[in-house]
Amino acid sequence: MDRKVSFAMDNTEREQEKILRPEEIEQESFRIIDSELKESGILLPEDRGPVIRRVIHTTADFSYVNTLYFSEGGLERLKALLRAGTRIVTDTEMARAGINKKKVSALGGEVRCFMAEPDVAEEAKARGVTRATVSMERAEALPGETIFVVGNAPTALLQLRDRIKEGYQPAFIVGVPVGFVNVEYAKECIRKLDVPCILNMGRKGGSNVAAAIINAVLKMLN
C-alpha cells in the first residue's frame, strides 16, 4: 500500500524562511554582503565599491574584492562613455541579454553581439579562427567608439590586443572571460596596454560578471 509522506516544516524552519519581494531580496542580499565584508574587516573603496558589490551579488563570491582590476581613471571613463550613448559590443549573447538595454537605450546607446550571426561562424570555420576573433573584427570595423564587453572568450581579448598594437583604440574594455586556457594570459596582456579597462585577474569571470559590471556603472549614473 502506498503511503503519503508529509514534509511539514517545523517552526524553526519556518522562521528561517523569508518571503520577500524581488526588490527586498536584492536589498537583503546587499545587507548580507556588507555585513560579511565588515566582519572580515574589508572596506570597499567609495568609487569602485558599487561595482565590486554588484559582482559579489551576482556570483556570491567574495574573492572579487581582491581580483577586480580598474585601470587608472577607467571607471570615470566608462561612466562618461555610457552617458554619451557609446555603443557596447559583447562577445556572447548571454552578456548582451544580461545588460540593462533599457537604460543603455535611454542614454542613446545600443548593445550588439555578432557571435550568433551565421556568416560569422562560416568565416571563422573557413579561416580556422574562433567566432570571437571574427566578432571582434566586425566590431572594430564599426564607425565611432565602441565599449568591448568580454565575458567568455580570451581569444576576443587577444584579438583586441593585436589590433591595439596596430594602432586601434577601443573606447573601453571590460575583460572578464572565465576558464583555464589563455584566460589569465589574455587578461594580463590587456592590463599591460595603455587602454582604459576593468578586468578580473585570474581564471574567474563570465558573461554574468561582464553584464553585472556594466549594470553597476549604469546604476551609478542615476
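Up top is the structure these notes are about.
All values reported here derive from a predicted model rather than from experimental measurement. (Residues numbered from 1 in each chain as written. Predicted model: local features only at pLDDT ≥ 70, side-chain atom pairs only at ≥ 80, totals over all residues. Heavy atoms only, no water.)

A.B. asks: Can you lay out helix α3 (residues 49-59) for me, pointing to particular residues and giving the numbers?
C.D. replies: Listing the buried residues of α3 in full gives G49, V51, I52, R54, V55 and I56. Note on α3: the residue one or two positions beyond its end, A60, has a positive phi of about 60°. (Buried < 20%, exposed > 50% of the residue type's maximum accessible area, 1.4 Å probe, protein only. Helix = DSSP H or I, 4+ residues; strand = E, 2+ residues; numbered from the N terminus.)

A.B. asks: How would you sum up unusual backbone geometry? Please name residues and give values.
C.D. replies: Excluding glycine, most residues fall at negative phi; most peptide bonds, likewise, are trans. Positive phi values are uncommon outside glycine, yet A60 reaches one of about 60°. Within the secondary structure, A60 sits in the loop between α3 and α4 (64-67). Given the relative accessible area of 67%, A60 is considered exposed. Even without being glycine, N182 reaches a positive phi, approximately 65°. Its place among the elements puts N182 in the loop between β5 (172-175) and α11 (183-191). Its relative accessible area of 39% is what places N182 among the partly exposed residues.

A.B. asks: A description of the sheet that holds strand β4 (residues 146-150) should follow, citing residues and the corresponding values.
C.D. replies: Read from one edge of the open sheet, 6 strands run β1-β6-β5-β4-β2-β3, paired in mixed fashion. The open sheet is flanked by β1 (68-70) and β3 (111-113), the only strands paired with a single partner. When the angles between neighbouring strand axes are averaged without regard to direction, this sheet yields 20°. Taken together, the 3 bridges between β5 and strand β6 (residues 197-200) define a ladder with parallel strand orientation. Looking across to β6, one finds that I173 is bridged to C197. Strands β2 (87-90) and β4 of the sheet are contacted by helix α9 (residues 131-140), whose axis makes an angle of about 165° with β4. (Pairing = 2+ DSSP bridges. Axes fitted to C-alpha atoms, helices over the stretch in contact; angles between N-to-C directions. Contact = heavy atoms within 4.5 Å.)

A.B. asks: Break down helix α2 (residues 22-39) for me, with residues and values.
C.D. replies: Spanning 18 residues, α2 covers 26 Å between terminal C-alpha atoms, matching the ideal 26 Å at 1.5 Å per step. Regarding α2, the residues found buried are E28, F30, I33 and L37. In the core, the buried residues of α2 are packed alongside α3 and α4. G41 sits one or two positions beyond α2 and adopts a positive phi of about 75°. (Expected span 1.5 Å × (residues − 1).)

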